[in-house]
Amino acid sequence: MRITHRRPLDYGDVRARNESAWLLPNDGSRTNHGLRRDMRHYAEGDEVDLVVVGAGAGGAVLTQRLARQGWKIVCLDAGPFWDPDQDWVSDERGAHVLYWTEPRSIGGSDPVPLGSNNSGRGVGGSMVHFAGYAPRLHPSDFSVFTDDSVGADWPISYDDLRPFYEAIEEELPVAGEVWPWGDPHRYPHSPHPVSGNGEIFLRGATKLGLRAAVGPVAIPNGRFGNRNHCIYRGFCLQGCKVNAKASPLITHIPDALAHGAEVRADSHVSRVLVDERSNSVTGVSYFKNGVEHRQRAKAVVVSGYSIETPRLLLLSGNSSHPDGLGNDHDKLGRYLMVQGAPQTAGRFAEEVRMYKAPPPEVSTEEFYETDPSKPYKRGWSIQNVSPLPITWAEHVAAQGHWGPALRERMRDYVHWATLGALCEFLPRAENRVTLADETDRHGLPVAHFAYSQGDNDRKLVEAARKSMEDLLHAAGAEEVMTIERYAHLVGGARMAARAEEGVVDTEHRVFGVNNLYIDDGSVFPTQGSANPALTIMALSARLATLLPEHAK
Amino acid sequence: MTYIPPSQRGLTPQHAGRFPGFDTLEQVKYWDHATAGVVLERLAVATQLAFFTAAEVAVARPLLDLLLGQDGEPRVPVLELIDTRLARGETDGWHYDDLPEDGDAWRQTLAWLEEDAQTRHFRGFSHLVAAEQAELVQQVQDLSKSGDKWHGWNATHVWSLWTRYACTAFYSHPWAWNEMGFGGPAYPRGYLNIGVNAREKWEVPDHGEGAAR
Ligand SMILES: Cc1cc2nc3c(=O)[nH]c(=O)nc-3n(C[C@H](O)[C@H](O)[C@H](O)COP(=O)(O)OP(=O)(O)OC[C@H]3O[C@@H](n4cnc5c(N)ncnc54)[C@H](O)[C@@H]3O)c2cc1C
Ligand code: SF4
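Residues numbered from 1 in each chain as written. Chains lettered and ligands numbered in written order. Predicted model: local features only at pLDDT ≥ 70, side-chain atom pairs only at ≥ 80, totals over all residues. Heavy atoms only, no water.

Attention shifts here to the interface of chain A and chain B. Contacts between chain A and chain B engage 64 residues on the former and 64 residues on the latter. Taken together, the links from chain A to chain B amount to 11 salt bridges. Among the ionic pairs, Arg199(B) bridges to Glu351(A), the shortest N-O distance being 2.9 Å. At the boundary of chain A and chain B, one finds 39 residue pairs in polar contact (both at pLDDT 80 or more). Elements with a minimum of two residues in the side of chain A that touches chain B: helix 5 (84-87), strand 3 (105-107), helix 8 (196-208), helix 12 (389-398) and helix 13 (404-410) of chain A. Among the elements that take part in the side of chain A that touches chain B, helix 13 of chain A stands out by supplying 5 residues, more than any other. (Contact = heavy atoms within 4.5 Å. Salt bridge = Lys/Arg side-chain N within 4 Å of Asp/Glu carboxyl O. Polar contact = N/O pair within 3.5 Å; in protein donor to acceptor, adjacent residues only side chain to side chain. Helix = DSSP H or I, 4+ residues; strand = E, 2+ residues; numbered from the N terminus.)

Here it is in structure tokens:
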């Protein structure tokens, strides 16, 4: 195995290009209030260089990069400018505020629940409550159609992203063992110790002779600026009150503010404004405190994630683009993907207490690539997950238990270990976002998301479930149970070589409208079996090198 | 240290549990205020209902008791927790396109459960004995398993609505955590002992079914 050389993490170098971690306070509080108070403010009438819609994985990285290059930027987010001390709680139910809970309706033959399952709101975006796994895609992910005659090819290659993967891995930073899969690589920080849940995974893998590795998690393992060390409390999906787990709120926004970007929170963008004569964007309109405002801009980047990005562009149609911006070929909102994410739990005589330690611990990508001997294409990865009580009740109830049986099973919680698979579901045109009849609090039609699985998808879930059951049995499980779930949204505004095939070009420009871009998970043509956040950030860091060229 | 009345120490719903003496609430002194606030609020829920009508309560209370096996005191105030949530319109951020939004879906399904009781037993749901009530509830789950409709609605989606709200309320309550040995909030203290069979000094090992008081 050839492992890409990686020089040891040079903190001076990281700090010189992104000072965020050093801009956080070191006195036990989590927010640099001074930085927010002194933030630059633009007037609505000012024509800024760029408006970014959404301060999540995609939007925040771009804002930080371009602010550093002197761009005048306003980044609008529909949700709050979080203060982890005040706004977040170490409690599963209380974390409800972190999710996008504006109404949305779901359908299709396999409806995909949204909200806590996959979408966040507020500065930091969904990474505020993401689990923290930060794997790369494999090189093969970029040529799925050529290699396997399914899905689609990316119009860019793995090599186009590699330097940006490396840069972002240093900025989060990512901790893990030497990574033997895909393009083999090392991580800037060494792996974290594992809890009972991870121990079980490693035990089973050893028994089966299956390669497994600790990581990769976006949680520093060692000093990194003023970020505090993880305290192994297991609430990563509820927002990290410690500032240990990475999210743009602490990894990119502080540096963006220090370089003059304005982050305008609680501002829901309702429309991208386009001058019909020149077919160029002129800014956006947005609601703040019930009042509609406008912000003028030379260019607009939409980073609202896979549901809200297509919705916003559908809502922004005009007489030249009656079906929405970027939708002249009926591709907007389509090819939206979720990963099949069955979770299999095993019961052990010992106490596992999986609620301790961060839920992301151990992974294997042994099943990631197409196996020609199998009746399906592409594959899955397996990772630890560790449901807290409410989510665990969902597991138990899904087995059909209710009443006393539910309670008795729930009392057995400390004995269970859980694995989750991420199956590469293929893109399908009919899996799409459209506008529903229902409206939100601003009177804007909400998104309807239709989802149906294909045959290959179902086969993958079955095979993945079997592989997890084998692993848990090998580790000594007395009993196993599986719940079928979905994870991660990507696609809906896919990148393509030609307008007839997608919504944005290889440089994120929306086909058919000038100076309009999309920079978030919705541009993925396929998804691999990796969690998407690192790739979204890497794409964004790449875009930050292209925009200045376009602006010339 | 906040005061816990002796009768409430190590409390579990219906005194069920396997971790005798374990009390998450004894850890409150180690939690941050924001977290303690949201958790303790669940111990003092509003008893004045804001969402459900009296007629709906007559059906919802026994339904929720059944779904969660709460057949005696002390009870986690599940109905009150759900009422607060529905009154605030705090949904999960999605609903099935063949069901209305959650509040309306609750009202309608409670009305149908009442209708089922009248049709089958010529009495209101609240006047049935628990076994009769359970049978009507079981019927909805059976329809959901066979992929059928209940009063024209997808039974799977109805079952999902009921169990999601019920479980979210019940397992957000510290008494339920005591019952299952879950440590609860862990900020800023965190966990020191991780690994198979590792416990914090304040955690209690599993003593098996029937071990609580
Ligand atoms: C429970 C959970 C666990 C996850 N675990 C992992 C994991 O372990 N690893 C991983 O890689 N990924 C994980 N993810 C997924 C990951 O968080 C997302 O894929 C990623 O954050 C998406 O990035 P994005 O930039 O596309 O959108 P987001 O980060 O969601 O940002 C979009 C932002 O846009 C804002 N917005 C939307 N519409 C508007 C509008 N009209 N006006 C203004 N603002 C708007 C939103 O408020 C939001 O802040 C997880 C997600 C969830 C929910
Ligand atoms: S487990 Fe660690 S990284 Fe996760 S939320 Fe807790 S302190 Fe943060």
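Below, the discussion takes up the site of ligand 1. Residues and elements named next belong to chain A. Close contacts around ligand 1 come from 39 residues, with Asp77, Ser126, Tyr133, Tyr305 and Ala533 the closest. Contacts to ligand 1 include Gly122, whose backbone N or O atom sits 2.9 Å from an oxygen atom. For ligand 1, whose unbound accessible area comes to 990 Å², protein coverage reaches 97%. For the shell around ligand 1, the secondary structure elements donating two or more residues are helix 4 (57-68), strand 6 (268-275), helix 11 (305-315) and helix 15 (533-551). For the shell around ligand 1, a count of residues per class yields 15 nonpolar, 20 polar and 4 charged. (Near = heavy atom within 4 Å. Areas by Shrake-Rupley, 256 points an atom, 1.4 Å probe, with all protein chains shown as cover. Nonpolar A, V, L, I, M, F, W, Y, C, P; charged D, E, K, R; others polar.)

What follows is about the packing of aromatic side chains. According to the stated counting rule, one finds 33 aromatic pairs over all chains in the structure shown. On the basis of an interplanar angle of 55 degrees and a centroid distance of 4.8 Å, the ring pair of Phe142(A) and Trp154(A) is categorised as tilted. Highlighted residues: Phe142(A) in the loop between strand 3 and helix 6 (144-148) and Trp154(A) in the loop between helix 6 and helix 7 (158-171), separated in sequence by 12 residues. Considered together, Phe142(A) and Trp154(A) belong to a single accessibility category, that of buried residues. With centroids separated by 4.8 Å and ring planes inclined at 80 degrees, the aromatic side chains of Phe170(B) and Tyr171(B) adopt a geometry described as edge-to-face. The burial state of Phe170(B) is the same as that of Tyr171(B); both residues are buried. Here a set of aromatic residues connected by ring pairs shows up, and it is made of Tyr355(A), Trp392(A), Tyr413(A), Trp416(A), Phe22(B), Trp177(B), Phe182(B), Tyr191(B) and Trp202(B). (Phe/Tyr/Trp six-rings, centres within 6.5 Å; stacked < 30°, edge-to-face > 60°. Buried < 20%, exposed > 50% of the residue type's maximum accessible area, 1.4 Å probe, protein only.)

In the vicinity of ligand 2, the residues found are Ile219(A), Cys230(A), Ile231(A), Arg233(A), Gly234(A), Phe235(A), Cys236(A), Cys240(A), Val242(A), Ala244(A), Lys245(A) and Pro358(A). Taken together, the residues of the shell around ligand 2 break down into 9 nonpolar, 1 polar and 2 charged.

Turning our attention to the packing of helix 2 (residues 54-67) of chain B against helix 4 (residues 102-121) of chain B. All names here are of chain B. For the pair helix 2 and helix 4, interaxial distance at closest approach is 9 Å and the crossing angle is 85 degrees. For the element pair helix 2 / helix 4, the angle class is roughly perpendicular. On helix 4, the residues touching Glu56, Val59, Ala60, Leu63 and Leu64 of helix 2 are Trp106, Arg107, Leu110, Leu113 and Glu114. Residues that form the contact of helix 2 with helix 4 fall into these classes: 7 nonpolar, no polar and 3 charged. (Axes fitted to C-alpha atoms, helices over the stretch in contact; angles between N-to-C directions. Parallel < 35°, antiparallel > 145°, perpendicular 65-115°, else oblique.)

A few words now on helix 11 of chain A. Helix 11 of chain A sits mainly inside the fold: 11 of its 11 residues count as buried. Taken together, the buried positions of helix 11 of chain A are occupied by Tyr305(A), Ser306(A), Ile307(A), Glu308(A), Thr309(A), Pro310(A), Arg311(A), Leu312(A), Leu313(A), Leu314(A) and Leu315(A).

With that out of the way, let us pick up the nonpolar core. Note on soluble globular proteins: their nonpolar side chains tend to be buried together. Ranked by internal contacts, the top residues of the largest apolar core, which has 183 residues, are Phe449(A), Leu516(A), Trp106(B) and Trp162(B). Considering each element in turn, this core owes the most residues, 10 residues, to helix 6 (residues 155-170) of chain B. Discounting residues that sit within four places of it in the chain, Trp106(B) has contacts with Phe52(B), Leu63(B), Leu64(B), Ile82(B), Leu86(B), Leu161(B), Trp162(B) and Tyr165(B). Leu50(A), Ala55(A), Ile73(A) and Tyr99(A) belong to the second largest nonpolar core, which has 32 residues in total. (Core = buried A, V, L, I, M, F, W, Y, C linked by side-chain atoms within 4.5 Å.)

The subject of this paragraph is the sheet that holds strand 1 (residues 95-96) of chain B. Here 4 strands make up an open sheet; going across it, the order is 14(A)-15(A)-3(A)-1(B) and the pairing mixed. With one partner strand each, in any of the chains shown, strand 14 (432-439) of chain A together with strand 1 of chain B form the two edges of the open sheet. Of the pairings in the sheet, the one linking strand 3 of chain A to strand 15 (residues 445-450) of chain A comprises 3 bridges and is parallel in character. Paired with Ile106(A) across the strands is Phe449(A), a residue of strand 15 of chain A. The sheet strands contacting helix 11 of chain A are strand 14 and strand 15 of chain A, and the helix crosses strand 14 of chain A at an angle near 70 degrees. (Pairing = 2+ DSSP bridges.)

Our next topic: the side chain of Glu179(B). With respect to the helices and strands, the residue Glu179(B) is situated in helix 7 (residues 174-180). At a separation of 2.5 Å, a polar atom in the side chain of Glu179(B) contacts the side chain of Arg411(A). Contact partners of Glu179(B), with chain neighbours within four places excluded, come to Arg407(A), Arg411(A), Thr12(B), Pro13(B), Ala16(B), Gly17(B), Arg18(B), Phe19(B) and Phe170(B).

Residues and elements named next belong to chain A. Its place among the elements puts Thr31 in the loop between helix 2 (20-23) and helix 3 (33-37). Side-chain polar atoms of Thr31 contact the side chain of Asp83, separated by 2.7 Å. Those residues in contact with Thr31 that sit more than four places away from it in its chain are Pro25, Arg36, Trp82, Asp83, Pro84 and Asp85.

Residues and elements named next belong to chain B. Relative to each other, helix 2 and helix 3 (residues 78-87) sit at 120 degrees, their axes nearing to 9 Å. The angle between helix 2 and helix 3 places the two elements in the oblique class. With respect to the hand of their crossing, helix 2 and helix 3 are arranged in right-handed fashion. Each of Val57, Ala60, Arg61 and Leu64 in helix 2 lies in contact with helix 3, whose residues at this interface are Val78, Leu79, Glu80 and Ile82. Residue composition of the contact of helix 2 with helix 3, grouped by class: 6 nonpolar, no polar and 2 charged. (Left-handed = near helix turned anticlockwise from the far one by under 90°.)

Below, the discussion takes up the pairing of strand 7 (residues 280-288) of chain A. Residue and element names in this part refer to chain A. For strand 7, the tally of buried residues reaches 7 of 9 residues, placing the bulk of the element in the interior. Two strands pair when backbone bridges link them, and strand 6 and strand 7 are joined in this way by 7 bridges, in the antiparallel orientation. By the bridge assignment, Leu273 is partnered in strand 7 with Gly283. The hairpin formed by strand 6 and strand 7 contains 4 residues between the paired strands, and Asn279 there has a positive phi angle of roughly 60 degrees. Bridge count for strand 7 against strand 8 (residues 291-302) is 6 bridges, and the pairing is antiparallel. Bridged to Val284 within strand 8 is Gln295. Counted between consecutive antiparallel strands, the loop separating strand 7 from strand 8 contains 2 residues, among which Asn289 sits at a positive phi close to 50 degrees.

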